[in-house]
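Here is what each chain is made of, one letter per residue.
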Amino acid sequence: NLTPNVVNNSGLNGLLAPQSISDKQGNLLFYGNPHVLYDQSHNPMQNGSLTNLATNGGYGGQPYTLIIPKPCSPEIYYYFYCEISNVFANPWQWDLKYAEIDMSLNGGLGAVTVKDSLLRNDIYPTIDGSLHANNTHYWVVSRARNTNEYHSLEVTSNGISSVPIISISGSSALVNTSASVGQLRFSPNGTKLEHALYQPLGNSPMNKLELFDFNRS
């Protein structure tokens, strides 16, 4: 069936990088943005308040988010999000954080059991993830601010690795706030990673798309 199931009573209204996840049958589990998570009944999830809207999105930022299931734990999900930590830096400085959701709690509606856990600081607010070559684990990739370093964190049945694999490639630095909110995206098979850079002020050399090979193992 290619007809989507339209939800008209979502708890979200606006931008700010929404994410959602469903089970294998297509039933909605939960969704949210960097500020709050909602359960399948469209109410705020138990303990689901994340970053402060006034200090994060209030500056016009649209930090990206990502949901990944914890390997070998069918009820546990990780929600990755970016939180602004310094608006006076050029470009702005962001931190990569995560929350952990247990769908077995609150009568099957889920609850946030861990949140505001820092993974990386001083990054650009764009992340993406891909399945590992072993088809069980996952990779979560971010880019360090003012460098051409890409940091890959492995998600396993034991949790999220604290030490990233660092890859150096592409443009050396982004010095404009708008360009720094470029988008990272994996190809469907996870072997390519692109970073789309955009500066809306005229014909900037920052307006480019960089494409990289990615080793999933």
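Quantities reported herein were computed from a predicted structural model and do not represent experimental measurements. (Residues numbered from 1 in each chain as written. Predicted model: local features only at pLDDT ≥ 70, side-chain atom pairs only at ≥ 80, totals over all residues. Heavy atoms only, no water.)

Engineer: For the overall build of the protein, give the residues involved together with the corresponding values.
Structural biologist: The helix and strand inventory of the protein stands at zero helices and 15 strands. When burial is assessed residue by residue, the protein has 49% of its 217 residues classed as buried. Contacts in the protein between residues at least 24 apart in sequence constitute 47% of all its contacts with a sequence separation of at least 6. (Helix = DSSP H or I, 4+ residues; strand = E, 2+ residues; numbered from the N terminus. Buried < 20%, exposed > 50% of the residue type's maximum accessible area, 1.4 Å probe, protein only. Contact = heavy atoms within 4.5 Å.)

Engineer: I'd like to hear about the environment of Asn135, residue by residue, with values.
Structural biologist: Tracing the sequence through the fold places Asn135 in the loop between β8 (111-131) and β9 (138-144). With relative accessibility at 53%, the residue Asn135 sits in the exposed group. Placed 64 residues apart in sequence, Asn135 and Pro71 show a C-alpha to C-alpha distance of 9.7 Å.

Engineer: Requested: an account of the pairing of strand β1 (residues 19-22), with residues and values cited.
Structural biologist: Two strands pair when backbone bridges link them, and β1 and strand β2 (residues 28-32) are joined in this way by four bridges, in the antiparallel orientation. Within the sheet, the bridge partner assigned to Ser20 lies in β2 and is Tyr31. Where β1 folds back onto β2 in an antiparallel hairpin, the turn is made up of five residues, including Gly26, whose phi is positive at roughly 90°. (Pairing = 2+ DSSP bridges.)

Engineer: Which residues make up the sheet that holds strand β14 (residues 192-197), and what values do they have?
Structural biologist: Across the sheet, which stays open at both edges, the three strands sit in the order β13-β14-β15 with antiparallel pairing between neighbours. In this open sheet, the two strands that pair with only one neighbour each are β13 (183-186) and β15 (208-213). Pairs of neighbouring strands in the sheet enclose a mean axial angle of 20°, with direction left out of account. Inspection of the sheet shows β13 paired to β14 by four bridges, in the antiparallel sense. Within β14, the position partnered with Phe186 by the bridge is Leu193. (Axes fitted to C-alpha atoms, helices over the stretch in contact; angles between N-to-C directions.)

Engineer: Lay out the pattern of salt bridges in plain terms, naming residues and giving numbers.
Structural biologist: If you walk through the whole model with that rule in mind, you get six salt bridges. The residue Lys97 makes a salt bridge to Glu83 at a minimum N-O spacing of 2.6 Å. With Lys97 in strand β7 (residues 93-102) and Glu83 in strand β6 (residues 76-86), the pair connects residues that are 14 residues apart, well separated along the chain. Owing to a relative accessible area of 11%, Lys97 belongs among the buried residues under this scheme. Of the charged contacts, one joins Arg185 and Asp128 as a salt bridge, the two residues approaching to 3.7 Å between their closest N and O atoms. Residue Arg185 is located in strand β13, and its partner Asp128 is located in strand β8; the two are separated by 57 residues in the primary sequence. You can call Arg185 partly exposed: its relative accessible area is 29%. Judged by its relative accessible area of 9%, Asp128 falls in the buried class. (Salt bridge = Lys/Arg side-chain N within 4 Å of Asp/Glu carboxyl O.)

Purely geometric numbers; function is a separate question.
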